[in-house]
Amino acid sequence: MTAFSYIGTPFPVSSGYGIFANASTDSKGERNWNANLGRIGSPEIDAAMQKATAELDLAQARAATNAADKLIWEAVNVVPLYQRPQNVAVRQTLANLGAGASTT
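Residues numbered from 1 in each chain as written. Predicted model: local features only at pLDDT ≥ 70, side-chain atom pairs only at ≥ 80, totals over all residues. Heavy atoms only, no water.

## Section: helix α2 (residues 43-54)
Here is step 1: Here α2 is 12 residues long and its end C-alpha atoms lie 16 Å apart, about the 16 Å a rise of 1.5 Å per residue gives.
Here is step 2: Burial in α2 covers these residues: I45, D46, A48, M49 and A52. Around the axis of α2, the buried residues are gathered within 165° of arc, so they sit on the same side. Residues of α2 that are exposed and angled more than 90 degrees away from the buried face: P43, K51 and A54.
Here is step 3: Taken together, the buried residues of α2 touch α1 (12-20) and α3 (58-74). (Helix = DSSP H or I, 4+ residues; strand = E, 2+ residues; numbered from the N terminus. Expected span 1.5 Å × (residues − 1). Buried < 20%, exposed > 50% of the residue type's maximum accessible area, 1.4 Å probe, protein only. Arc of directions from axis to C-beta. Contact = heavy atoms within 4.5 Å.)

## Considerations on the side chain of N36
Here is step 1: By the element assignment, N36 lies in the loop between β2 (31-32) and α2.
Here is step 2: Once residues lying within four places of it in the same chain are set aside, the contact partners of N36 are G18, I19, F20, A21 and G41.

## Here we look at the packing of α2 against α3
Here is step 1: Here α2 crosses α3 at 160°, and the two axes come no closer than 8 Å. The angle between the axes of α2 and α3 places the two elements in the roughly antiparallel class. In this structure, α2 meets α3 at a crossing whose hand is left-handed. Along the contact surface, α2 presents E44, I45, A48, M49, K51 and A52, while α3 presents A61, A64, T65, A68, L71 and I72.
Here is step 2: For the contact of α2 with α3, the class distribution of residues is nine nonpolar, one polar and two charged. (Axes fitted to C-alpha atoms, helices over the stretch in contact; angles between N-to-C directions. Parallel < 35°, antiparallel > 145°, perpendicular 65-115°, else oblique. Left-handed = near helix turned anticlockwise from the far one by under 90°. Nonpolar A, V, L, I, M, F, W, Y, C, P; charged D, E, K, R; others polar.)

See the structure below:
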């Protein structure tokens, strides 16, 4: 067991792809697991994550993300102990401060 944090982004599927993607094989036949420390993965998880990141319609993207999430949790080997808080409130007129130094 170890405590560390993956940094989240506003794009949960694409930023998490390396954590849950199946291994790729290089030209020498060696498997590359990226950040998938538990070495779980499947072609179905990869396809679901790719569909979720390619979808432009927001409702369909959410549905595809939920489908990918369901497959990942069926094979889960990493259980988050806690969620790092990401909620930040700032005045609407204030720029370059907040979650990810967003500019609004």
